[in-house]
Amino acid sequence: MDIVIRAISVMAATCYFGLLLHQPKSTLVFTALIGWLGYEIYLLAGSGLLAFFVSGLFVGLLCEIVARKVRRTTTLFLISSIIPTVPGLGLYRTMMAISENKLDMALKIGLDTIGGIGALALALTLTTLVFSIIRPLKRTSNHKETK
Amino acid sequence: MSILEIESVTLAAQTILESSGETYRAEETALRMAKAFGLTEVEIIAFPTGFVFSAIYDGKRENRVCRITERSICLDRIDAVNAISRKAVSGQIDARQSHQEIKALREKPDVRPWVYCLYYALAAGFFSVMFGGWIIEFILAFLIGWVVEAVQVPLAMRQVPSQVRPFILGFLAAFLCVVALTFLSASQESIITGVIMPLLPGLAMTNAVRDSIRGDIISGVARGADALISVIMLSAGVAVALMIRGSTWIL
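Residues numbered from 1 in each chain as written. Chains lettered and ligands numbered in written order. Predicted model: local features only at pLDDT ≥ 70, side-chain atom pairs only at ≥ 80, totals over all residues.

Participant: Is there a simple way to think about the environment of Leu169 of chain B in this case?
Facilitator: Residue and element names in this part refer to chain B. Following the sequence through the fold, Leu169 ends up in helix 7 (residues 165-183). Overall, Leu169 belongs to the buried group, with 24 C-beta atoms counted inside 10 Å. With 31 residues separating them along the chain, Leu169 and Leu200 place their C-alpha atoms 11 Å apart. With residues up to four places along the chain from it excluded, the contact list for Leu169 reads Val148, Val151, Gln152, Leu199 and Gly237. (Helix = DSSP H or I, 4+ residues; strand = E, 2+ residues; numbered from the N terminus. Buried ≥ 20, exposed ≤ 12 C-beta atoms within 10 Å, placed from the backbone. Contact = placed C-beta atoms within 7 Å.)

Participant: Teacher, can you tell me more about the confidence of the model for chain A here?
Facilitator: Reading fine detail from the predicted coordinates is not recommended where pLDDT is low. Across chain A, the average pLDDT comes to 86, with 91% of residues at or above 70. No element of chain A has a lower mean pLDDT than helix 6 (residues 103-146) of chain A, at 77, and none a higher one than helix 2 (residues 28-44) of chain A, at 93. (pLDDT = per-residue confidence, 0-100.)

Participant: When you look at the sheet that holds strand 2 (residues 50-57) of chain B in this model, what are you seeing that I'm missing?
Facilitator: Across a sheet, paired strands are connected by hydrogen bonds in the backbone, their directions being either parallel or antiparallel. Residue and element names in this part refer to chain B. Pairing within the open sheet is antiparallel, and its three strands lie in the order 1-2-3. Each edge of the sheet is formed by a strand with only one pairing partner; in this case those strands are strand 1 (40-47) and strand 3 (60-67). Direction aside, the axes of adjacent strands within the sheet are offset by 10° on average. For strand 2 and strand 3, the ladder comprises eight bridges, and the chain directions are antiparallel. Its bridge partner being in strand 3, Gly50 is matched across the sheet by Arg67. Against the sheet, helix 1 (residues 4-18) contacts strand 1, strand 2 and strand 3, and its axis sits at roughly 160° relative to strand 2. Sitting on the sheet, helix 2 (residues 23-36) touches strand 1 and strand 2, and the angle it makes with strand 1 is about 160°. (Pairing = 2+ DSSP bridges. Axes fitted to C-alpha atoms, helices over the stretch in contact; angles between N-to-C directions.)

Participant: Would you mind going over the domain arrangement of chain B with me for this structure?
Facilitator: It is common to report an interface's size as the accessible area lost on association of the parts. Residues and elements named next belong to chain B. As assigned here, chain B comprises domain 1 (4-107) and domain 2 (113-248). Once you take the C-alpha centre of each, domain 1 and domain 2 turn out to be 32 Å apart. Taken together, the contacts link seven residues of domain 1 with 10 residues of domain 2. By residue class, the composition of the side of domain 1 that touches domain 2 is four nonpolar, two polar and one charged. (Domains from an automatic or database assignment. Nonpolar A, V, L, I, M, F, W, Y, C, P; charged D, E, K, R; others polar.)

Participant: What should I look at first to understand helix 3 (residues 49-70) of chain A in this one?
Facilitator: Because an α-helix completes one turn every 3.6 residues, residues spaced three or four positions apart along the sequence face the same direction. Residues and elements named next belong to chain A. End to end, helix 3 covers 32 Å across 22 residues, agreeing with the expected 32 Å (1.5 Å per residue, within 8%). What helix 3 keeps buried is the set Phe52, Phe53, Ser55, Gly56, Leu57, Phe58, Val59, Gly60, Leu62, Cys63 and Glu64. Phi turns positive one or two residues past the end of helix 3, at Arg71, with a value near 55°. (Expected span 1.5 Å × (residues − 1).)

This is the structure:
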C-alpha cells in the first residue's frame, strides 16, 4: 500500500512539475516513470551519498536512451525526472536546525545535502559525457546517409 | 534594411536563450540554420544573457548583438525551435517561412496564469505526500502552493530580480505553513518541503553541467552560480520564517 501511494504521488508530482516548465505533453509519461524509478532506486540504495550518485546515473542514462529513441532533446526529459531525487528534505532540515540554533546538526545535515547535490551533478556529468562522445559519431554517419 | 535570413537565425537563437535553453544549443542551431540559408563565415558567441552574431551576406559582413534580459523556462519552445531549425536545415522551409514560424511561436498566447497556479499547487501537494504527508498535508500544500505561484507571476512581471524571488517565495511558503499549523496539527516538514521543491533550480543545475561539458566554461560557471544563489536565497527565506516562529510564537 505504501509503495502504491508513493508511486502515485511521485509520478503525479513529476508530471505537474513538468507541466509547470511547459514540457511537451507527449514526454510527460516518460519523465513520470523515470522520476519514480529514480526515486525508488534512491530509497533502495539507502538514501546516502552513494544513493544520490547511483540514482542520478540511472536517471541520466534512462533519459539519454529515451531521448534518442523518441528523437527529442535530452533536456526535455532530464529536468523533471531528476526533481524527485533532489534533496529538498535535507535543505529544509538544515534550515530547521539553524532556526532552532542547533548549529552542529545544521552543519552535518547541510554537508550531507550539499554532498547529495554534488553527487547528482557528478552523475549527470558522467552520463552526459558518455553520450556526448557517442553522439557526434552518430550525427556524422546520419549526415552521410542524407547526402 | 533587415535581412530576413539573419533575422530568422538571430530570432531562433534569441528564443532558445530566452527559454533557458543551453548555450551550445543556441550556438549550434544558429550555425546550422545560417549555413542552410547560405550565409558564409558565420560566427556566433552566446552567453546566458545575450549573444553576438556575425556573418557575410551578399558580400557584406553583417553583425547583430542581442541582449537577453528576461529568461523563463519554456521547454516546449526550445523543442519547437529545434524542430523548425531541423526543417530549415533539411531544406523543407526557407528563411521567410522559418522566420514566420518562430515569430508565431513567440507570439502564441500563453495558457492563463491560474492554470499554472493549479499545476504548481498540485505538484506541491503530491510532493508533500511523497515526503510522508497525507490528506491534510496535501490540502495545505495545495493551498500554499497556489498562493506561492500566484505571487510569483506578478513578481516576474514587475521584473523583481530572479535572484531575489526565491527568497520572497521561500519565506512566504514557510511563513504560511507556520501560520496554518498554529491552528491545525500536521507535518510541517512535508508541507514546507513539498512547496519549495518546484522552486529548486533543477534546470539551472542541469544546464550548468551540460554547458560545462561542451566547453562553454563561462555559461557553465554563470549558470552554476545562478543555481547556487537561488538555493541559498530560498533556504534563507525558509530559515527567516522558521526563526520568526521560534522567537515570537511559543508553541
